[in-house]
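For reference, the chains in residue letters:
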Amino acid sequence: MNSFVHSRYMIVVAAILVAALSFLYWWFGSPPFPPCESGIVAGWSGQWIYDREANLYAGVGTVMLIGLLIAIISRKYNLIRNNTKLPGALFGCMMLATPSLLDNLYPGLILCLVVLIALWFMIDSFAKPESQRNVFAAFLLLSAGTAIDYGFALFLPVFWLGLAQMRIMNLRSVLASLMGLLTPWIIFLGLGIVEIDDLRLPQFWGQNNIFNYSGFTAMLATAAFTVFLGLSAWMQGFIKIISYNTQARAQISIVTVVMLMTIVASAVDFAHVSVFIPLLNCTVALFVGHLFGVIYTQGRSWMAVIGIILIYLGLYAWRLILCFL
């Protein structure tokens, strides 16, 4: 059973669960669009797809794409030091605990996808002198993302720190990052896609925030449990991580900083937590995968994995029950 939870079949099972249970909640719950109107460009943060069915497909498809990317990055760069598919499968199960964030394509899923791709660029750049293209692409994606949500901007310092962690902190890399920051806005403003009058300061505490959200209590419980799980998995794996070689430590350390920034952002601006939950799930899934893929691999460790998944399925059931109350 231990081998099963780390195999590709676990991803297949998780994908079936995500597809079936997300549709079930969509059918009975009529999930509201998550509160997120904090982009720099007015009108770009709200709902993009107004057809309910198309929004469902787009949201679920993006979640599955993120889960697949997690599995690819973990395998390609041996990020977890074990050929396990658990993080990708676990991410999908974790997203089920907040089904309204799964059944809609919204800025939080885009933030998770963009940061994951940016991490891919940075991890691939370790100790490579000619890595300016990757740096440029990572910062371009983050800068463009600020148009739909200010949360993207919070990770710019993380990736500047990542230049040092990846041993590519030099003048050319810094200039590439600055060019990446400017390029989207040169395109947006230069081509008339965005006018100066469309720009605004982010709305940190608008009326349409999480406190007015129907599933606030369930989302609070989910976020709290995920933070506890992530920090516990990271601390239990810390001794093992520092025993790795320089490249492995650097690659895991940038994921660590992303997770910590996500936790801090969620706590400081909890009104905006719905945007950070997918990325929180993504990073925590990686550390839980490391915990059970490298440290606790013997005996009945699979029971702990199944137990974690059942907790998230229980949170999903809570949200579904609330639909009938």
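This text goes with the structure placed above it.
Note that the structure is predicted; figures quoted are calculated from it, not measured.

Our focus in this paragraph is empty space enclosed by the protein. Under the criterion given, the structure shown has 2 cavities of 30 Å³ or more. For the largest cavity, the full set of lining residues is Leu79, Ile80, Ile241, Ile252, Val255, Leu286, Phe287 and His290. When residues in the lining of the largest cavity are grouped by element, the largest group, 3 residues, is from helix H12 (residues 273-295). Here the residues of the lining of the largest cavity sort into 7 nonpolar, 1 polar and no charged. Volume-wise, the second largest cavity comes out at about 50 Å³. Ile70, Ile73, Ser74, Leu79, Leu116, Leu119, Ile123, Val255 and Leu286 together form the lining of the second largest cavity.

Two numbers describe how helix H10 (residues 216-242) lies on H12: the axes approach to 8 Å, and their chain directions differ by 35°. Both H10 and H12 take part in a crossing whose hand is left-handed. Contacts between H10 and H12 involve Met219, Ala223, Thr226, Val227, Leu229, Gly230, Ala233, Trp234, Gln236, Gly237, Lys240 and Ile241 from the former and Val273, Ser274, Ile277, Leu280, Asn281, Val284, Phe287, Val288, His290, Leu291, Val294 and Ile295 from the latter. Per-class residue counts for the contact of H10 with H12 are 16 nonpolar, 7 polar and 1 charged.

Below, the discussion takes up the environment of Gly307. Summarising the element assignment, Gly307 is placed in helix H13 (residues 301-322). In this structure, the C-alpha to C-alpha distance between Gly307 and Cys112, residues 195 residues apart in sequence, is 25 Å.

Further remarks concern H13. Along its 22 residues, H13 runs 32 Å from first to last C-alpha, staying within 8% of the 32 Å computed at 1.5 Å per residue. Along H13, the residues classified as buried are Ser301, Val305, Ile308, Ile309, Tyr312, Leu315, Tyr316, Arg319 and Leu320. Projection of H13 onto a plane perpendicular to its axis shows the buried side chains occupying an angular sector of 150°, all on one side. On its buried side, H13 packs onto helix H1 (2-5), helix H2 (8-29), helix H4 (86-95), helix H5 (99-102), H10 and H12.

Rules of the game
- Residues numbered from 1 in each chain as written.
- Predicted model: local features only at pLDDT ≥ 70, side-chain atom pairs only at ≥ 80, totals over all residues.
- Heavy atoms only, no water.
- 1 Å grid on protein atoms, 1.4 Å probe; cavity = no way out; pocket = protein on both sides within 12 Å on 5 of 7 lines; lining within 4 Å.
- Points joined across faces, edges and corners; volume = space filled by probe spheres on them.
- Helix = DSSP H or I, 4+ residues; strand = E, 2+ residues; numbered from the N terminus.
- Nonpolar A, V, L, I, M, F, W, Y, C, P; charged D, E, K, R; others polar.
- Axes fitted to C-alpha atoms, helices over the stretch in contact; angles between N-to-C directions.
- Left-handed = near helix turned anticlockwise from the far one by under 90°.
- Contact = heavy atoms within 4.5 Å.
- Expected span 1.5 Å × (residues − 1).
- Buried < 20%, exposed > 50% of the residue type's maximum accessible area, 1.4 Å probe, protein only.
- Arc of directions from axis to C-beta.

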